[in-house]
Amino acid sequence: MIHAERAALAADLAGRSDEEWETPSLCEGLSVREVLAHITAGASLGPARWMAGVIKCRFDFDKQVAMRLAEQLGQSAEETLRRFNRVVTSTTTANPVKAMLGETVVHGEDIRRPLRIRHAYPTETITALAEYYRSSDFVVVAKKRAVGLRLVADDGPFEAGEGPLVSGPTLALVMAMTGRAVFCDDLEGDGVSTLRERCNSM
């Protein structure tokens, strides 16, 4: 699933203009090009190298993220994309596999949404990710955003939780659970305002 989504993202970004590469992503302060470099970094770090970076950065995790991003950015957008293409089939990771799937999909949408690129995810992939996030706060807060809400996908089998209803596309549920408030625009139900508030505050 991870390899397929990386390959799809690489294909979507081929031939983009310099202006598109500098478009602000959904990750505050980062361009779409910088987010792609961040994904490349995540696919290039095993546990030992990750820990070495943590120690080098004196356990400042944000500093390490910035350092690894800079390592993969390259001198041009074309080089950034080439580096990403080299890790499309990588199995290197310092995180659980589901977390890496989330990294690929969520950051992929951080890139695609501002560029108005639509991608059709396999139901199995996006449902697995929704199930993961509704029960996990590892790497990114998600479970805390979903607690006390009834989440129901209208394009797949995903259903979870009890409380005010939040319904809509599985992708929008995933992205809202991971803090992307703009995806709340794609959702309906009495619980949407609560989820949106949590996106903006957690």
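The structure this text deals with has already been given above.
Residues numbered from 1 in each chain as written. Predicted model: local features only at pLDDT ≥ 70, side-chain atom pairs only at ≥ 80, totals over all residues. Heavy atoms only, no water.

### What to know about the overall build of the protein chain
1) Next: Of regular secondary structure, the protein chain possesses 11 helices and 3 strands.
2) Next: What you see in the protein chain, going N to C, is helices and strands ordered as α-α-α-α-α-α-α-α-α-β-β-β-α-α.
3) Next: By the compact-globule yardstick of 17 Å for 202 residues, the protein chain fits well, its C-alpha radius of gyration being 17 Å.
4) Next: Considered along the principal axes of its C-alpha atoms, the protein chain spans approximately 50 × 40 × 30 Å. (Helix = DSSP H or I, 4+ residues; strand = E, 2+ residues; numbered from the N terminus. Rg over C-alpha atoms; globule rule 2.2 N^0.38 Å.)

### Quick notes on the nonpolar core
1) Next: Formed by 35 residues in total, the largest nonpolar core has its most connected members in Tyr133, Leu151, Phe158, Val166, Met177 and Leu187.
2) Next: The leading source of residues in this core is helix α10 (residues 170-177), at 7 residues. (Core = buried A, V, L, I, M, F, W, Y, C linked by side-chain atoms within 4.5 Å. Buried < 20%, exposed > 50% of the residue type's maximum accessible area, 1.4 Å probe, protein only.)

### Let's talk about the packing of helix α3 (residues 32-42) against helix α6 (residues 77-86)
1) Next: As a packed pair, α3 and α6 sit with axes 9 Å apart at the nearest point and diverge in direction by 25°. Of the possible angle classes, the one that applies to α3 and α6 is roughly parallel. In the packing of α3 onto α6, the handedness of the crossing is left-handed. Every residue of α6 that contacts α3 at Arg33, Leu36, Ala37, Ile39 and Thr40 is listed here: Ala77, Thr80, Leu81, Arg83 and Phe84.
2) Next: A class-by-class count of the residues in the contact of α3 with α6 yields 6 nonpolar, 2 polar and 2 charged. (Axes fitted to C-alpha atoms, helices over the stretch in contact; angles between N-to-C directions. Parallel < 35°, antiparallel > 145°, perpendicular 65-115°, else oblique. Left-handed = near helix turned anticlockwise from the far one by under 90°. Contact = heavy atoms within 4.5 Å. Nonpolar A, V, L, I, M, F, W, Y, C, P; charged D, E, K, R; others polar.)

### Details of the pattern of salt bridges
1) Next: Enumeration according to the criterion identifies 9 salt bridges in this entry.
2) Next: Between arginine 83 and glutamate 79 there is a salt bridge, and its shortest N-O distance comes to 2.7 Å. With arginine 83 and glutamate 79 both in helix α6 and 4 residues apart, this pair spans about one turn of that helix. Pair check on accessibility: arginine 83 and glutamate 79 agree, each one buried.
3) Next: In this structure, aspartate 110 and arginine 180 form a salt bridge, with 2.7 Å as the shortest nitrogen-oxygen distance. One end of the pair, aspartate 110, is in helix α7 (residues 97-115); the other, arginine 180, is in the loop between α10 and α11 (192-201), with 70 residues separating them in the sequence. Arginine 180 matches aspartate 110 in its accessibility class, with the two residues each being buried. (Salt bridge = Lys/Arg side-chain N within 4 Å of Asp/Glu carboxyl O.)

### Considerations on the side chain of arginine 33
1) Next: Mapping arginine 33 onto the fold places it in helix α3.
2) Next: There is no salt bridge for the buried arginine 33, and the closest opposite charge comes from glutamate 22, which lies 4.0 Å off by N-O distance.
3) Next: A distance of 3.3 Å separates a polar atom in the side chain of arginine 33 from the backbone oxygen of serine 76.
4) Next: Excluding residues that lie within four positions of it along the chain, arginine 33 makes contacts with Trp21, Glu22, Leu73, Gly74, Gln75, Ser76, Ala77 and Thr80. (Lys, Arg positive; Asp, Glu negative; His and termini not counted. Polar contact = N/O pair within 3.5 Å; in protein donor to acceptor, adjacent residues only side chain to side chain.)

By themselves, these observations are geometric and do not establish any function.
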